[in-house]
Amino acid sequence: MTAITLRKIPPDLARRIRRRAEERGISLNRAVLELLQEGAKPARAAEKGSDDLDALFGAWSAKDAAGFQRTLRAQRRIDPEVWA
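Anyway, here's the lowdown on the structure attached to this text.

1. Some details on the overall build of the protein
Of the regular secondary structure elements, the protein holds 4 helices and 0 strands. Listing each helix as α and each strand as β along the protein from the N terminus yields α-α-α-α. Taken across its 84 residues, the protein has 8% of its residues classed as buried. As displayed, the protein has an accessible area near 8,000 Å², and 56% of this comes from carbon and sulfur atoms.

In structure tokens, the structure reads:
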């Protein structure tokens, strides 16, 4: 893995990194990597020409998706007496 040294990190940013590490119980290194990865996602999505909703795909668990489909089926039922 590549090592990168950062210098002159603004105090506010350093506080945010430390806060994130403390809140998640992770190392400062892991907190910085997470923030870099999160910040890089929109740039990679833009390079592909995709839209802003791409982050939502695959976000549901199989259980959530099945529940959503059940709800849709219930909403799509037609009551014959209403439409007769």
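2. Quick word on the pattern of salt bridges
Oppositely charged side chains may form a pair once their charged atoms are brought near each other. Considering all chains together, one arrives at 4 salt bridges under this definition. Of the charged contacts, one joins Glu38 and Arg20 as a salt bridge, the two residues approaching to 2.5 Å between their closest N and O atoms. Here Arg20 lies in helix 1 (residues 11–24) and Glu38 lies in helix 2 (residues 28–48), a separation of 18 residues in the sequence. Given the relative accessible area of 39%, Glu38 is considered partly exposed. For Arg20, a relative accessible area of 12% corresponds to the buried category. For Glu34, the salt bridge goes to Arg24, with nearest N and O atoms at 3.2 Å. Within this pair, whereas Glu34 is found in helix 2, its partner Arg24 is found in helix 1, the two being separated by 10 residues in sequence. In the salt-bridge network here, residues are joined through shared partners; they are Arg20, Arg24, Glu34 and Glu38.

3. A few points about a nonpolar patch on the surface
Taken together, Ile4, Leu6, Ile9 and Leu13 make up a surface patch of nonpolar side chains, about 380 Å² in accessible area. Take Leu13: it is sitting in helix 1.

4. Notes on the side chain of Arg20
Engagement of the side chain of Arg20 in a polar contact is seen with the side chain of Glu38, the distance being 2.5 Å. Sequence-distant contacts of Arg20, defined by excluding residues within four places in its chain, comprise Ile26, Ala31, Glu34, Leu35 and Glu38.

Rules and cut-offs
- Residues numbered from 1 in each chain as written.
- Predicted model: local features only at pLDDT ≥ 70, side-chain atom pairs only at ≥ 80, totals over all residues.
- Heavy atoms only, no water.
- Helix = DSSP H or I, 4+ residues; strand = E, 2+ residues; numbered from the N terminus.
- Buried < 20%, exposed > 50% of the residue type's maximum accessible area, 1.4 Å probe, protein only.
- Areas by Shrake-Rupley, 256 points an atom, 1.4 Å probe, with all protein chains shown as cover.
- Salt bridge = Lys/Arg side-chain N within 4 Å of Asp/Glu carboxyl O.
- Patch = residues over 30% accessible without salt bridge, like charges linked within 9 Å, V, L, I, M, F, W, Y side chains within 5 Å.
- Polar contact = N/O pair within 3.5 Å; in protein donor to acceptor, adjacent residues only side chain to side chain.
- Contact = heavy atoms within 4.5 Å.

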